[in-house]
Amino acid sequence: MGFWANFWDVIGWFLWAFVFIAYLMALFSIIGDLFRDRELNGWWKALWIIFLIFVPFLTALVYLIARGRGMAERQNRDVAQAQAAAESYIRTVASPSPTEEIAKAKALFDNGTLTEAEFHHLKAKALAG
């Protein structure tokens, strides 16, 4: 019987650890959302923080119910902005400039690999964008 009692004590400990870590993740998400929200007044942010300190579980539940949709929208907007910024940066770094593309096309034209029509087509394409 001693083994099973210890086994269930360990399972119970893991359950409570999981609940505590999940609560901390929700709490940090709420605090991050409070600071990310530009529409919410500073006094309201302070009030939410005070309630999160003194009545944490109830306040977290109320916040997720009352502001959960806006929280998800703000998160999605920030992720989309970060992704767009990263893609823009990658495009500027990875793609050669029009000058480089024209120089490569000119070298191929000088070698006789490209015809004059192909060279002008590549030049127009590089200048267009």
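Right, let's walk through the structure included here.

Conventions we followed
Residues numbered from 1 in each chain as written. Predicted model: local features only at pLDDT ≥ 70, side-chain atom pairs only at ≥ 80, totals over all residues. Heavy atoms only, no water. Axes fitted to C-alpha atoms, helices over the stretch in contact; angles between N-to-C directions. Helix = DSSP H or I, 4+ residues; strand = E, 2+ residues; numbered from the N terminus. Parallel < 35°, antiparallel > 145°, perpendicular 65-115°, else oblique. Contact = heavy atoms within 4.5 Å. Nonpolar A, V, L, I, M, F, W, Y, C, P; charged D, E, K, R; others polar. Salt bridge = Lys/Arg side-chain N within 4 Å of Asp/Glu carboxyl O. Buried < 20%, exposed > 50% of the residue type's maximum accessible area, 1.4 Å probe, protein only. Polar contact = N/O pair within 3.5 Å; in protein donor to acceptor, adjacent residues only side chain to side chain. Phe/Tyr/Trp six-rings, centres within 6.5 Å; stacked < 30°, edge-to-face > 60°. Expected span 1.5 Å × (residues − 1). Arc of directions from axis to C-beta.

1. So, the packing of helix α4 (residues 98-111) against helix α5 (residues 116-128)
Now for step 1: Interaxial distance between α4 and α5 falls to 9 Å at its minimum, and their mutual angle equals 175°. On the basis of their axis angle, the class for α4 and α5 is roughly antiparallel. Within the contact between the two elements, α4 uses P98, E101, I102, A105, K106 and F109 and α5 uses E116, F119, L122, K123, A126 and L127.
Now for step 2: Looking at the contact of α4 with α5 residue by residue, the classes come out as 8 nonpolar, no polar and 4 charged.

2. Here we look at the pattern of salt bridges
Now for step 1: Per the counting criterion, the structure on display carries 7 salt bridges.
Now for step 2: Of the charged contacts, one joins D78 and R36 as a salt bridge, the two residues approaching to 3.4 Å between their closest N and O atoms. Of this pair, D78 sits in helix α3 (residues 56-94) while R36 sits in helix α1 (residues 2-36); the two residues are 42 residues apart in sequence, bridging distant segments of the chain.
Now for step 3: On the basis of relative accessibility, which here comes to 24%, the residue D78 falls in the partly exposed class.
Now for step 4: Given the relative accessible area of 24%, R36 is considered partly exposed.

3. Focus on the side chain of D37
Now for step 1: Looking at the secondary structure, you find D37 in the loop between α1 and α2 (42-54).
Now for step 2: What makes D37 buried here is its relative accessible area of 4%.
Now for step 3: At 2.3 Å, the side chain of D37 forms a polar contact with the side chain of R67.

4. Here's the deal with the packing of aromatic side chains
Two descriptors summarise a pair of aromatic rings, namely the distance from one centre to the other and the angle between the planes of the rings.
Now for step 1: A full pass over the atoms with the stated rule returns 5 aromatic pairs.
Now for step 2: Measuring from ring centre to ring centre gives 5.1 Å for F7 and W8, while their planes differ by 75°; the resulting arrangement is edge-to-face.
Now for step 3: Under the relative-accessibility criterion, W8 is labelled exposed at 53%.
Now for step 4: Their ring planes at 90° and their centres at 4.9 Å tell us that W48 and Y63 sit as a pair that is edge-to-face.

5. Here's the deal with the environment of Y63
Now for step 1: Structurally, the position occupied by Y63 is in helix α3.
Now for step 2: Each C-alpha atom of the pair Y63 and L27 lies 10.0 Å from the other, and the pair is 36 residues apart in sequence.
Now for step 3: With residues near it in sequence (within four places) discarded, Y63 still touches I30, D33, L34, W48, G68, M71 and R74.
Now for step 4: Within polar-contact distance, the side chain of Y63 engages the side chain of D33 at 2.4 Å.

6. Considerations on α2
Now for step 1: Relative to the 18 Å expected for 13 residues at 1.5 Å per residue, α2 spans 19 Å between its end C-alpha atoms, a close match to the ideal helical length.
Now for step 2: By the burial criterion, the buried members of α2 are K45, W48 and L52. Projected onto a plane normal to the axis of α2, the buried residues spread over an arc of 60° and lie on a single side. Opposite the buried face of α2, at more than 90 degrees from it, the exposed residues are W43, I53 and F54.
Now for step 3: Backbone nitrogen of W43 and a side-chain oxygen of the N-cap are separated by 3.2 Å at the start of α2; the cap is N41.

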